[in-house]
Amino acid sequence: MDKNSTPPSSRSDFLRDIVASDLASGRVREVVTRFPPEPNGYLHIGHAKSICLNFGIAAEFGGTCHLRFDDTNPSKEEQEYIDAIQADIAWLGFDWGDKTYYTSDYFEQLYDWAVYLIKHGKAYVDDLSAEEIREYRGTLTEPGRNSPWRDRSTEENLDLFERMRAGDFPDGYRVLRAKIDMSSGNINLRDPVMYRILHSTHPRTGDAWCIYPSYDFAHGQSDAIEGITHSICTLEFQDHRPLYDWFLTNLPVPSVPRQYEFARLNLTHTVLSKRVLLRLVKEGLVRGWDDPRMPTISGIRRRGFPAQGVRDFAAMIGVARADSVVEIEMLEHAVRDTLNRTAPRRFGVLDPIRVVIENYREGAVEYVDVPNNPEEPDAGTRAVPFSRELLIERDDFMEDPPEKFYRLAPGREVRLRSAYFITARQVVKNAHGDVVELRCTYDPATKGGSAPDGRRPRATLHWLSAPHAVPAEVRLYDHLFASPYPGTGGRDILEDVNPRSETVLRTCVVEPSLAQPVVGQTVQFERLGYFCADPDSTPTMPVFNRTLTLKDTWAKLRAKTA
RNA sequence: UGGGGCGUAGCCAAGUGGCAAGGCAGGGGACUUUGGAUCCUCUAUUCGUAGGUUCGAAUCCUACCGCCCCAGCCA
């Protein structure tokens, strides 16, 4: 197998064990899973875990995975989200063929099943108000009480339910409830609401309905209709499983799926709550759902994270039932790992300082060959212009260098990557004492970056020919939340937003090959990190988002010393 | 004081009665035309705690402790 596509580990986990044994025992012939997003927001990295799980299991066991929009609440759902969700899953690299479903496609069948339960005395129309229902439900430690409407006749229930559908009542006027057990220790079994009245236009069914099924009444039956074998969801639905099973055993469903739960993803320095994400967008704290700092799929895509890295991350963290918070460094590792193998190397200087090579012929230009990716020789080389006036990173020079600083300093020789060795001869400063230019000399014998006499400079710097350098804007990103556990201090979580999560640099320069970058392509600026061309790029000003820095042991050393 | 879950290293996580995988993070070193990458190497006598069963327990039993979820006409 190609090392570039080797999964981090072909692991087994409790879900794969269950699927394998169901297949072995013949309980199921073929595996059918589903990813069931509600189209009320954008998908985030937590959904990516679920997507990789559901599509991954289906693929590994030769089954199929459906995409089903769980669109039972038109007051929160929009077509924009339906479109974005599909784009995100496709980008992640999964293909659901023609298996696109909507819970709303089953509204008629669900309605019929509700009537079926009424006829069997297992559902009733309740006239209690929302508040009364809450009161009658009891508490965690006290049982609930039966609604006075619980024992209506079948005829009356049928008539009322029909009129609910017909639009005879305003929102919230009545609900249809399952008749189960008001004293159950499991609150979900205390006569859960099956249908509520909602005069709201649905993105798909328009105004055809004014009653909508609840999640509990829709999900299991939708699974059954589609022949889902393993209905995988997150831990908070554990308490709903008895209800999920109750509907399936009390209804003439075509198949009997089973629900399994796993722990949802939590990430340090990150918030994965649709509610909070929506607020960040609505309150303008970020550039939108696809802001490069957002943990949304569209955000990390714009940031430059490769889908492969996200998939590797999902495989790396595994699946279990214990609540956990994964350190974001793991995600970053997976992303760096794939980018290291695949990202083309380029030169970019974020904070340029001028270097004049005094012994280099004025007006001369030569092109040096630079490897596109040392990790992959087949990627070839490119020609980068070199001339008398260069630009290097300001951080790569120190007039009075501390110990362990190996880069350029007065009198010191360093290598310019793939070009020549240069030695700093003189420092030019302005009236404020700021270094504005370095006068250097080069050794013509070191062309290509190696010396015939075998001497080897301690440092290699990236560089640009000043007259050929292309101005660019670079946006530096850091964690959206500085705290590893945002929102835990009793503050409003939005107060924890890192004010330095985005830094815009407008005086950067990049090599000529990046003048018209491919938007969405991530390259490595050598020695700096990975950068992805942003859609905000214009023909005269490319814009790059810093995906991640390279690991920087010098920065770490310096921080430790300071 | 009801119901449902979960506790293995700083963080994920294997392990299902035979003597604690792996990854991330961190430390040390080698190599290096990216202070990147790569490569070596170190980090749990111990599995929430206490008892018990057994030749043998992270795995079985008992009790206790801690954490998470549930009282939407959200999903």
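Residues numbered from 1 in each chain as written. Chains lettered and ligands numbered in written order. Predicted model: local features only at pLDDT ≥ 70, side-chain atom pairs only at ≥ 80, totals over all residues. Heavy atoms only, no water.

*Asks:* Can you help me understand the overall build of chain A in this one?
*Replies:* Summing up its helical and strand segments, chain A has 13 helices and 25 strands in all. The contacts in chain A between residues at least 6 apart in sequence include a share of 71% that link residues at least 24 apart. Where the 70 positive side-chain charges of chain A centre and where its 82 negative ones centre are 5 Å apart. (Helix = DSSP H or I, 4+ residues; strand = E, 2+ residues; numbered from the N terminus. Contact = heavy atoms within 4.5 Å. Lys, Arg positive; Asp, Glu negative; His and termini not counted. Charge placed at Lys NZ, Arg CZ, Asp CG, Glu CD.)

*Asks:* Before we go on, may I ask you to explain the packing of aromatic side chains in this structure?
*Replies:* The geometry of an aromatic ring pair is captured by two quantities: the separation of the ring centres and the angle between the planes. One pass over the full model with this rule turns up 24 aromatic pairs. Aromatic side chains Tyr42 and Trp289 sit 4.9 Å apart centroid to centroid with 15° between the ring planes, which places their arrangement in the stacked category. Pair noted here: Tyr42 is in the loop between β1 (32–35) and α2 (45–60) and Trp289 is in the loop between α9 (274–282) and α10 (297–303), with a separation of 247 residues, a long-range link. With respect to class, Tyr42 is no different from Trp289; both count as buried. Of the aromatic side chains, those joined through ring pairs into one cluster are Phe107, Tyr111, Phe161, Tyr195, Trp209, Tyr212, Phe217, Trp246 and Phe247. Lying across the ring of Tyr102, Arg204 places its NZ or CZ 3.4 Å from the centre. Stacked on the ring of Tyr406, the Lys or Arg Arg458 has its end atom at 3.9 Å from the ring centre. (Phe/Tyr/Trp six-rings, centres within 6.5 Å; stacked < 30°, edge-to-face > 60°. Buried < 20%, exposed > 50% of the residue type's maximum accessible area, 1.4 Å probe, protein only. Lys NZ or Arg CZ within 6 Å of the ring centre and 35° of its normal.)

*Asks:* What am I meant to see in the protein's contact with RNA strand B here?
*Replies:* Around RNA strand B, the structure places 71 residues, and the nearest of them are Arg345, Lys404, Tyr406, Gly448 and Gln524. For RNA strand B, the fraction of atoms within 4 Å of the protein that belong to sugar or phosphate moieties is 64%. In the surface near RNA strand B, the residues fall into 23 nonpolar, 22 polar and 26 charged. (Near = heavy atom within 4 Å. Nonpolar A, V, L, I, M, F, W, Y, C, P; charged D, E, K, R; others polar.)

*Asks:* It is not clear to me how the pattern of salt bridges should be interpreted in this structure. Could you clarify?
*Replies:* Oppositely charged side chains can pair when the atoms bearing their charge come close. A complete count under the given rule lists 47 salt bridges for this structure. With its nearest N and O atoms 3.1 Å apart, the salt bridge here joins Arg341 to Asp337. Of this pair, Arg341 and Asp337 are both found in helix α12 (residues 328–342), 4 residues apart, which corresponds to roughly one turn of the helix. When salt bridges that share partners are traced, they join Arg287, Asp290, Arg302, Glu473, Arg475, Glu502, Arg506, Asp534 and Asp536 into one network. (Salt bridge = Lys/Arg side-chain N within 4 Å of Asp/Glu carboxyl O.)

*Asks:* Help me understand the nonpolar core, please; the structure alone is not making it clear to me.
*Replies:* One broad trend across soluble globular proteins is that nonpolar side chains are buried collectively. Counting residues in each nonpolar core, the largest one holds 37 residues, and the members touching the most others are Ile45, Ile51, Phe55, Ile89, Leu267, Phe313 and Leu331. For this core, the secondary structure elements donating two or more residues are α2, β2 (64–69), α3 (79–92), α10, α11 (307–317) and α12. When residues in this core are grouped by element, the largest group, 6 residues, is from α2. Residues in contact with Ile89, not counting those within four places in the same chain, are Phe35, Leu43, Ile51, Phe55, Leu67, Phe94 and Trp96. The next biggest cluster of nonpolar side chains, apart from the first, holds 35 residues, and it includes Tyr111, Met164, Leu176 and Leu248. (Core = buried A, V, L, I, M, F, W, Y, C linked by side-chain atoms within 4.5 Å.)

*Asks:* Explain the packing of α11 against α12 here, please?
*Replies:* What describes two packed helices is the angle between their axes and the distance between those same axes. Where α11 contacts α12, the two axes come as close as 8 Å, and the packing angle between them is 135°. For the element pair α11 / α12, the angle class is oblique. The way α11 lies across α12 gives a crossing that is right-handed. Residues Gln308, Gly309, Asp312, Phe313, Met316 and Ile317 of α11 touch α12, and the partners they reach there are Met330, Leu331, His333, Ala334, Val335, Thr338 and Arg341. Considering only residue class, the contact of α11 with α12 consists of 7 nonpolar, 4 polar and 2 charged. (Axes fitted to C-alpha atoms, helices over the stretch in contact; angles between N-to-C directions. Parallel < 35°, antiparallel > 145°, perpendicular 65-115°, else oblique. Left-handed = near helix turned anticlockwise from the far one by under 90°.)

*Asks:* Help me out: how do you make sense of helix α7 (residues 215–226) in this one?
*Replies:* Since the α-helix packs 3.6 residues into each turn, any two residues three or four apart lie on the same face. The terminal C-alpha atoms of α7 lie 16 Å apart, and with 12 residues this matches the ideal 16 Å at 1.5 Å per residue to within 8%. Listed as buried for α7 are Asp216, Phe217, Ala218, His219, Gly220, Gln221, Ser222, Asp223, Ala224 and Glu226. (Expected span 1.5 Å × (residues − 1).)

*Asks:* Even after reading the chapter, I still don't get unusual backbone geometry, so can you show me in this structure?
*Replies:* Comment: phi is negative for the bulk of residues other than glycine, and the bulk of peptide bonds are trans. Backbone geometry at Lys404 places phi at a positive 75°, although glycine is not the residue there. On the secondary structure map, Lys404 appears in the loop between β15 (389–393) and β16 (413–416). Of note, Ser418 is a non-glycine position whose phi angle comes to about 65°, a positive value. Structurally, Ser418 is set in the loop between β16 and β17 (421–429). When its relative accessible area of 11% is taken as the criterion, Ser418 is described as buried.

*Asks:* Would you explain the pairing of strand β24 (residues 529–533) in this entry?
*Replies:* Each regular strand displays side chains that alternate between the two surfaces of the sheet. Of all 5 residues that make up β24, 5 are buried, and the element is covered over most of its length. The hairpin turn running from strand β23 (residues 522–525) into β24, its antiparallel successor, is 3 residues long, and Arg527 in that turn takes a positive phi close to 70°. In terms of strand pairing, β24 meets strand β25 (residues 543–549) through 5 bridges, oriented antiparallel. Paired with Cys532 across the strands is Asn545, a residue of β25. (Pairing = 2+ DSSP bridges.)

*Asks:* Any chance you could explain the packing of α2 against α11 here in plain terms?
*Replies:* Between α2 and α11, the shortest axis-to-axis distance is 9 Å and the interhelical angle comes to 75°. Here α11 runs roughly perpendicular to α2, going by the angle between their axes. Where α2 abuts α11, its residues Ile45, Ala48, Lys49 and Cys52 lie against Val310, Arg311, Phe313, Ala314 and Ile317. In terms of residue class, the contact of α2 with α11 is built from 7 nonpolar, no polar and 2 charged.

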